[in-house]
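The chain contents come next:
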Amino acid sequence: MTAPTDHAKGVQVIDGTAKRWIAVIVAMTLVSSTLEAIGISLIFPLLKLITEPQIIETNRTLGWFYEKLGLANTGQFIIVTSVCFFGAFFLKNVFMVVFYYVQFTFAFTGTVRLADRLLKLYLGAPYSAFLSRNSAELIRNVRESAHDVYGTFLVNLINLVVELFLIVAVATIVFLIEPAATLIAGGLVVALILAYYKVCGPMFERWGHERLRLSRAALQILQQSLGSFKESRVLGREAFFIRQFREIQESEVSNRRNNQMGSQLPRLINEVILLGAMLAVVVVVFLSNTAISDVVAGLGVFAAAALRLMPSVNRITVALHSLRASSPAVETVSQEIATFEALDAAFRAENAARKMAPPPASIEQIKFESVSFIYPHTETPALCEIEAEIEAGQIIGLVGASGAGKTTFADMILGLLTPTSGRLLINGREADMRSTVACQKIGYVPQSIYILDDTLRNNVAFGIDPGEIDDTRVHAALKLAHLDRFVEQLPDGISSQLMEHGARLSGGQRQRVGIARALYDDPDVLV
């Protein structure tokens, strides 16, 4: 079994909605297990009735039903009983269809909520948290690891509980009919499954860690190769990226093959185990000197139980394999949530301790008071005891050697970084720069403009729902950025597609789109 901490982490990352779903699923699990057990338990009396019809005369319950139905003979009673038995199984399977629908809805809606939660934490985290992280890893966590938590780990944990409930219920029924044979067969099955998992479990977990690493590496090389298309083409480096990607793919082939073999091998082993268990049951039953009708009925029950439990045993071993293989993803997501929620809590606590002023109605002055900043995991300050005042209407240029702290200074104004020491004042009061920027008081034109694969309109009104975009402000921003003539030449005006990375724009046009984007909100400060 996976370590208890893995199960605890799997439960830790689920939200309140998922916990309510789990309560429903657990209740349905108890019902489904009960229905399965009842279905198996009805096989013995049905086979007994078929092989020995005269029991209608000696069994009060059967006799009462036979009399109430008013049938002509026992043959008709057997037919009616068989039809009722089939109807009960049909209704049980209808319930199981509903159960699986609920289970899969839980898994996939939970994946969506967890992915949203991760992305919200990432986008709301301090800028410094991203300086030592790779975007491929974050994308993998949102797209793949979130699915592994719900779609693989939690679903298989539920499957494990469901099948264990079912096996216990069915084994109880069979034990009441033939205790000795049930104990021998059950002990053999449990011992061999535990031995298999004890030997192979660590290997499954190692493959899970390797899968996460390879997924991150594949995403990273794809981002780098496609993102540097122009550079790699000019320098003739395409073969380098192709070779790296091929090597990762070859490693993934081996990893996927091992995982698939690990999930299929238990089925073959279980078939051998259950066949051996059935033979043991046959030997025990025949050695017990039981009446032939009871032998037939008993073997029928064991055969039905074996046919029903074989898929259950297979699903248990597959679930154990999946739990171990997906536990690295659970650990990763749990750590990410804990880390980024702690960062958010620390940021809020810091602002509360400093008694930050709310964002001002307008920015008249920005003042640096002995501001220093040290990047995480470094010792040399990027800024040291900076004193500066910027008044409304001023145009300030930052000049200095590479590494002098110009970008860090700008990032302070943008609210991306907070001072390690000192104070950053707006209109004479210490304010939360992130909130000030969020209120569109400060605009930003980066050196490298990110162009959406979307219309010019949506690129200027960056991140605003299309129905809420003010076209008057879009045109005004484009005019201020000297792109109004360019827009007139476009076939669809501001609704023209710009393509990914602004493939249809010149370098200067991309820069001006960035300026228009910053001016759309009419900020007080432009960086």
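Our structure's up above, just so we're on the same page.
Here is what the cut-offs are and how they apply
Residues numbered from 1 in each chain as written. Predicted model: local features only at pLDDT ≥ 70, side-chain atom pairs only at ≥ 80, totals over all residues. Heavy atoms only, no water. Helix = DSSP H or I, 4+ residues; strand = E, 2+ residues; numbered from the N terminus. Buried < 20%, exposed > 50% of the residue type's maximum accessible area, 1.4 Å probe, protein only. Contact = heavy atoms within 4.5 Å. Areas by Shrake-Rupley, 256 points an atom, 1.4 Å probe, with all protein chains shown as cover. Pairing = 2+ DSSP bridges. Arc of directions from axis to C-beta. Core = buried A, V, L, I, M, F, W, Y, C linked by side-chain atoms within 4.5 Å. Patch = residues over 30% accessible without salt bridge, like charges linked within 9 Å, V, L, I, M, F, W, Y side chains within 5 Å. Salt bridge = Lys/Arg side-chain N within 4 Å of Asp/Glu carboxyl O. Lys, Arg positive; Asp, Glu negative; His and termini not counted. Charge placed at Lys NZ, Arg CZ, Asp CG, Glu CD.

Caption draft 1: Molecular detail of the overall build of the protein chain. Within the protein chain, the regular secondary structure consists of 17 helices and 6 strands. Going through the 527 residues of the protein chain one by one, you find that 41% of them count as buried. A separation of at least 24 residues holds for 76% of the contacts in the protein chain among residues at least 6 apart in sequence. With an accessible surface of roughly 28600 Å², the protein chain has 62% of that area assigned to carbon and sulfur atoms.

Caption draft 2: Up close: the sheet that holds strand S1 (residues 365-373). One open sheet holds the 4 strands; their spatial order is S2-S1-S3-S4, and the pairing between them is antiparallel. Both edges of this open sheet fall to strand S2 (383-391) and strand S4 (429-430), since each of them pairs with a single strand only. Examined bridge by bridge, S1 and S2 share 6 bridges and lie antiparallel to one another. Residue pairing for S2: glutamine 365 is matched across the bridge by glutamate 391.

Caption draft 3: Fine view of the side chain of threonine 455. Along the chain, threonine 455 falls in the loop between strand S5 (442-443) and helix H14 (456-460). Leaving out residues up to four positions away in the same chain, threonine 455 has contacts with Ile494, Ser495, Ser496, Gln497 and Leu498.

Caption draft 4: Seen up close, helix H15 (residues 471-480). Where H15 is concerned, the buried positions are Val474, Ala477 and Leu478. Taken around the axis of H15, the buried residues stretch over an arc of 100°, which confines them to a single face. Opposite the packed face of H15, turned more than 90 degrees from it, sit the exposed residues Thr472, Lys479 and Leu480. Looking at the packing, one finds that the buried side of H15 touches H14, helix H16 (484-489) and helix H17 (507-519).

Caption draft 5: View of the nonpolar core. Counting residues in each nonpolar core, the largest one holds 43 residues, and the members touching the most others are Val149, Tyr150 and Leu154. Looking at this core, the elements with two or more residues in it are helix H2 (16-41), helix H6 (74-124), helix H7 (135-177), helix H8 (179-227) and helix H11 (292-354). Of the residues forming this core, the biggest block, 11 residues, is contributed by H7. One finds Val460, Ile469, Val487 and Ala518 within the second-largest nonpolar core, a separate group that totals 22 residues.

Caption draft 6: Representation of unusual backbone geometry. Positive phi outside glycine occurs at glutamate 385, with the angle close to 50°. The residue glutamate 385 is located in strand S2 in this model. Positive phi is not limited to glycine here, since asparagine 427 has a value of about 55°. With respect to the element layout, asparagine 427 can be found in the loop between strand S3 (421-426) and S4. The class for asparagine 427 is partly exposed, based on a relative accessible area of 31%.

Caption draft 7: Expanded view of a nonpolar patch on the surface. The grouping of Phe86, Phe90, Leu91, Val94 and Val98 at the surface amounts to a nonpolar patch, some 520 Å² of accessible area in total. Within the secondary structure layout, leucine 91 lies in helix H6.

Caption draft 8: Examining a negative patch on the surface more closely. A surface patch of like charges, here negative, comprises Glu364, Glu391, Asp522 and Asp524. Structurally, the position occupied by glutamate 391 is in strand S2. Assessed through its relative accessible area of 32%, glutamate 391 is described here as partly exposed.

Caption draft 9: Structural view of the pattern of salt bridges. Per the counting criterion, the structure on display carries 11 salt bridges. A salt bridge links arginine 211 to aspartate 148; its shortest N-O distance comes to 2.8 Å. Taken as a pair, arginine 211 in helix H8 and aspartate 148 in helix H7 lie far apart in primary sequence, 63 residues in all. Residue arginine 211 is classed as partly exposed on the basis of its relative accessible area, which comes to 25%. Judged by relative accessible area, aspartate 148 falls into the buried class, the value being 7%. Here lysine 367 makes a salt bridge to glutamate 389, at a shortest N to O gap of 3.7 Å. In this pair, lysine 367 is assigned in strand S1 and glutamate 389 in strand S2, connecting sequence segments 22 residues apart. Take lysine 367: its relative accessible area is 22%, and that puts it in the partly exposed class. Given a relative accessible area of 45%, glutamate 389 falls into the partly exposed group. Salt bridges sharing common partners tie together Arg133, Glu137, Arg216 and Glu336.

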